[in-house]
Amino acid sequence: MVLWKVQSVAHPTIGIVLLGGLMDQYERLPYHSSAGIAYTLTDSESVARTTLTVGTEKSSVNINGVEIDQQDSRSPMKLIHKYSSSFLEKYRSDRVSIESVNENILSGSSDAGAAALGKCIDASIGVDPVSLELEMRKVSESAGRSYHGGLTITYAGPRPFTRKILDESEFENIRIISAVFPHKRKPSDDIHTNQPRHEYYRSRMQNAERAVRELEMLSSRSDIKGIFELAMRDTEDYHYMNSLVDVQIVTPEMRTLMDRINEWRSEIWMTYIVTGGNSVFIPTMRENASEVTGLISGFTEEIHELRVAGGARLISSGFS
Ligand code: MEV
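Residues numbered from 1 in each chain as written. Predicted model: local features only at pLDDT ≥ 70, side-chain atom pairs only at ≥ 80, totals over all residues. Heavy atoms only, no water.

## Re the overall build of the protein chain
Counting secondary structure elements, the protein chain contains 10 helices and 13 strands. Scaling as 2.2 N^0.38, a compact globule of 320 residues should have a C-alpha radius of gyration of about 20 Å, and the protein chain matches this with 20 Å. Seen through its C-alpha atoms, the protein chain measures out along the principal axes to roughly 65 × 45 × 40 Å. Across the 320 residues of the protein chain, 55% fall into the buried class. Surface exposure of the protein chain reaches about 13800 Å², of which carbon and sulfur atoms provide 47%. (Helix = DSSP H or I, 4+ residues; strand = E, 2+ residues; numbered from the N terminus. Rg over C-alpha atoms; globule rule 2.2 N^0.38 Å. Buried < 20%, exposed > 50% of the residue type's maximum accessible area, 1.4 Å probe, protein only. Areas by Shrake-Rupley, 256 points an atom, 1.4 Å probe, with all protein chains shown as cover.)

## Considering the nonpolar core
By size, the foremost hydrophobic cluster in this structure holds 34 residues, and its most contacted members are I16, L151, L215, I227 and F228. Excluding its chain neighbours within four sequence positions, the residues that come into contact with L215 are I16, V17, A35, L151, I153, I165, I227 and L230. In this structure, L52, F87, I121 and A143 belong to the second largest nonpolar core, which totals 29 residues. (Core = buried A, V, L, I, M, F, W, Y, C linked by side-chain atoms within 4.5 Å. Contact = heavy atoms within 4.5 Å.)

## Some details on the site of the ligand
All residues adjacent to the ligand are G15, L18, L19, E141, R145, S188, I191, H192, Y238 and G276. L19 is positioned such that a nitrogen or oxygen atom in its backbone is 2.7 Å from an oxygen atom of the ligand. Contact with the protein chains removes 91% of the 300 Å² of surface that the ligand exposes when unbound. Considering every element that reaches the shell around the ligand, the biggest residue donor is helix α6 (residues 188-194), with 3 residues. Each of domain 1 (4-169 + 309-319) and domain 2 (173-307) gives at least three residues to the shell around the ligand. (Near = heavy atom within 4 Å. Polar contact = N/O pair within 3.5 Å; in protein donor to acceptor, adjacent residues only side chain to side chain. Domains from an automatic or database assignment.)

## Considering the pattern of salt bridges
Tallied over the full model, the rule gives 17 salt bridges. The shortest N-O distance in the salt bridge between E45 and R313 comes to 2.9 Å. Taken together, the residues E45 in the loop between β3 (34-41) and β4 (47-54) and R313 in strand β13 (residues 313-319) connect sequence positions 268 residues apart. Residues joined in a network through salt bridges with shared partners are R28, R74, E141 and D189. (Salt bridge = Lys/Arg side-chain N within 4 Å of Asp/Glu carboxyl O.)

## Examining the packing of aromatic side chains
Enumeration according to the criterion identifies 9 aromatic pairs in this entry. Considering the side-chain rings of Y200 and Y240, the 5.0 Å spacing of their centres and the 85° angle between planes classify their relative orientation as edge-to-face. Of this pair, Y200 sits in the loop between α6 and α7 (201-220) while Y240 is found in helix α8 (residues 224-244), placing the two residues 40 residues apart along the sequence. The class of Y200 is buried, set by a relative accessible area of 18%. (Phe/Tyr/Trp six-rings, centres within 6.5 Å; stacked < 30°, edge-to-face > 60°.)

## Examining α7
Note that an α-helix has 3.6 residues per turn; residues three or four places apart therefore point the same way. Its 20 residues place the ends of α7 29 Å apart at the C-alpha level, agreeing with the 28 Å of an ideal helix rising 1.5 Å per residue. Where the residues of α7 are buried, they touch β2 (13-17), β3, β8 (151-155), β9 (161-166) and α8. (Expected span 1.5 Å × (residues − 1).)

## Concerning the pairing of β9
Sheet topology note: the β8/β9 ladder contains 5 bridges and is antiparallel. Following the sheet pairing, T152 is matched in β9 by K164. From the end of β8 to the start of β9, which pair antiparallel, there are 5 residues, and G157 there has a positive phi angle of about 150°. (Pairing = 2+ DSSP bridges.)

## Comments concerning the side chain of E229
Inspection of the secondary structure assignment puts E229 in helix α8. Polar contacts involving the side chain of E229 include one to the side chain of W269, which spans 2.7 Å.

## Some points on the environment of D24
As for its position among the elements, D24 is in the loop between β2 and β3. C-alpha separation for the pair D24 and N278, spaced 254 residues apart in sequence, amounts to 25 Å. Polar side-chain contacts of D24 include one of 2.9 Å to the backbone nitrogen of Y26.

## A look at the domain arrangement of the protein chain
When the domains of the protein chain are assigned, the result is domain 1 (4-169 + 309-319) and domain 2 (173-307). Inter-centroid distance (C-alpha atoms) of domain 1 to domain 2 is 24 Å. Contacts between the two partners involve 33 residues from domain 1, matched on the other side by 38 residues from domain 2. Of the roughly 2700 Å² buried between domain 1 and domain 2, counting both surfaces, carbon and sulfur atoms make up 66%. At the boundary of domain 1 with domain 2, the tally comes to 2 salt bridges. For R28, the salt bridge identified is with D189, shortest N-O distance 2.7 Å. Remark: the boundary between domain 1 and domain 2 carries 11 residue pairs in polar contact (both at pLDDT 80 or more). Mapped onto the side of domain 1 that touches domain 2, the elements with two or more residues apiece are β2, β3, β8 and β9. For the side of domain 1 that touches domain 2, the per-class residue count stands at 19 nonpolar, 10 polar and 4 charged. (Buried area = accessible area lost by both parts, 1.4 Å probe. Nonpolar A, V, L, I, M, F, W, Y, C, P; charged D, E, K, R; others polar.)

## Some thoughts on the packing of helix α2 (residues 84-91) against helix α3 (residues 109-125)
At a minimum axis distance of 10 Å, the contact between α2 and α3 shows a crossing angle of 40°. The angle between the axes of α2 and α3 places the two elements in the oblique class. Like other packed secondary-structure pairs, α2 and α3 cross with a definite hand, here left-handed. On α3, the residues touching S86, F87, K90 and Y91 of α2 are I121, S124 and I125. (Axes fitted to C-alpha atoms, helices over the stretch in contact; angles between N-to-C directions. Parallel < 35°, antiparallel > 145°, perpendicular 65-115°, else oblique. Left-handed = near helix turned anticlockwise from the far one by under 90°.)

Pasting the structure below:
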């Protein structure tokens, strides 16, 4: 018998101060602080839509129509197990089904899925946000970015936590053009396991902490262009670090585009961000978005226009 059903959505994310290096595969605790934004396509909403049903005959996880092994180390069912006594207390059942569908997501679906599930759990049993984030990060280390939306900083430490430092409304005049290259992306865990092994990693950690402090200052002044200039410098440091450990994310084709952006920047304001995937993200002013799209159209066939989005939202909930 179904007792309670709740649905939430959350947006995927892009790093601003990029995270590299996790202490372990289970807790996915970061070695250093990082920052990010939530995004959506401008012409349709990019979300993970997650439905949690309590009181089902058996527990199950279905993502994009595929049943997921609950024993998987990053299974979303981990979050339910953590709170199972609260579910039992409130609903007299901890048998739960989780169904999640990605809608218009280019990359960053696991952070959106984990955040949408976190929102469902909070709506079901009410949880402390810091403890919820510790659980969500076991599924995706960037879930806090998606949960809060806008521009966020995730502070490292034994209990890392994410704080929203700028509302999405501050980015109204910004568009992010995404140039997607046709090669397959590498697993982010290649970055997370390899970076800490190199001696440059100590500098990388210091650079990231310094960038986060600068970001706090830029945000307090609502210096939006400054934020994306900082993100571009961080992208360069991050991929320099990756090159030292033979993790190649920036392909020669992506680098050619980045070099051209450096030339175009003297005419039209734009920057670039490359995270762990096969896209070059190009923040620019809204009024220049179509011109920038035109400029990059010779570099790749797949181009999207994005904007900064808000946090996870509850869509519906109720007893039956
Ligand atoms: C994945 O955990 C982290 C990267 O996407 C970089 C970032 O967004 O901070 C690779």
